[in-house]
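Reading the structure
The residues making up each chain are set out below.
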Amino acid sequence: MRVHWTKNAINHLADIYAYISENSQIYAARMVDRLTKHSEQIAAFPRSGRMVPEFQAEDIREVIERPYRIIYRIKPEQIDVLAVIHGARQIDQHMIN
């Protein structure tokens, strides 16, 4: 199945890169690479991620790449990565839109 990274999720990746690169561009690039590689897992096994506890919706799931949560929505035609959020943050609706 096709995985589509939303603008919101891409902006989150850019913010993560910018934050980590203040100390190391190498580690920032590695983290973004690790996060984006989850597209392969999500594409092959969309339901491998757990349901997001804050939403309890069957179609909204997440995979963990510590310390981040990759939140995605399963649609019939594709999977949308909605957000990449630090695990210590509370999630609310505006974060995934």
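My aim in this report is to walk through the structure given alongside it, one point at a time. (Residues numbered from 1 in each chain as written. Predicted model: local features only at pLDDT ≥ 70, side-chain atom pairs only at ≥ 80, totals over all residues. Heavy atoms only, no water.)

**Observations regarding the pairing of strand E5 (residues 79-86)**
The buried count for E5 comes to 7 of 8 residues, which makes it a mostly enclosed element. Both strand E1 (residues 3-5) and E5 contribute to a ladder of 3 bridges, which runs parallel. From the neighbouring strand, Trp5 faces E5, where its bridge partner is Val81. Pairing analysis gives 7 bridges linking strand E4 (residues 68-74) to E5, with the strands arranged antiparallel. Opposite Arg73, over in E5, you have Asp80 as the bridge partner. Taken together, E4 and the strand that follows it, E5, pair antiparallel across an intervening segment of 4 residues. (Buried < 20%, exposed > 50% of the residue type's maximum accessible area, 1.4 Å probe, protein only. Helix = DSSP H or I, 4+ residues; strand = E, 2+ residues; numbered from the N terminus. Pairing = 2+ DSSP bridges.)

**A few points about the pattern of salt bridges**
The full count for this structure, using the stated rule, is 8 salt bridges. One salt-bridge network, in which partners are shared between bridges, spans Arg50, Glu54, Glu62 and Arg69. (Salt bridge = Lys/Arg side-chain N within 4 Å of Asp/Glu carboxyl O.)

**With respect to helix H1 (residues 7-21)**
Here H1 is 15 residues long and its end C-alpha atoms lie 21 Å apart, about the 21 Å a rise of 1.5 Å per residue gives. Buried within H1 are the following residues: Asn8, Ala9, His12, Leu13, Ile16, Ile20 and Ser21. Elements that come into contact with the buried residues of H1 comprise E1, helix H2 (25-44), E4 and E5. (Expected span 1.5 Å × (residues − 1). Contact = heavy atoms within 4.5 Å.)

**Side note on the nonpolar core**
Core analysis: the largest hydrophobic core is formed by 19 residues, its most contacted members being Trp5, Leu35, Ile70 and Val84. For this core, the secondary structure elements donating two or more residues are E1, H1, H2, E4 and E5. Counting residues per element, this core draws most heavily on H2, which supplies 5 residues. Not counting chain neighbours up to four residues away, the residues in contact with Val84 comprise Trp5, Ala9, His12, Leu13, Ile16, Leu35, Tyr68, Arg69 and Ile70. (Core = buried A, V, L, I, M, F, W, Y, C linked by side-chain atoms within 4.5 Å.)

**Focus: the pairing of strand E3 (residues 60-65)**
For E3, a buried count of 5 out of 6 residues is recorded, marking the element as mostly surrounded by other parts of the structure. For strand E2 (residues 50-51) and E3, the ladder comprises 2 bridges, and the chain directions are antiparallel. Residue pairing in the sheet places Arg50 in a bridge with Glu62 of E3. Two strands pair when backbone bridges link them, and E3 and E4 are joined in this way by 6 bridges, in the antiparallel orientation.

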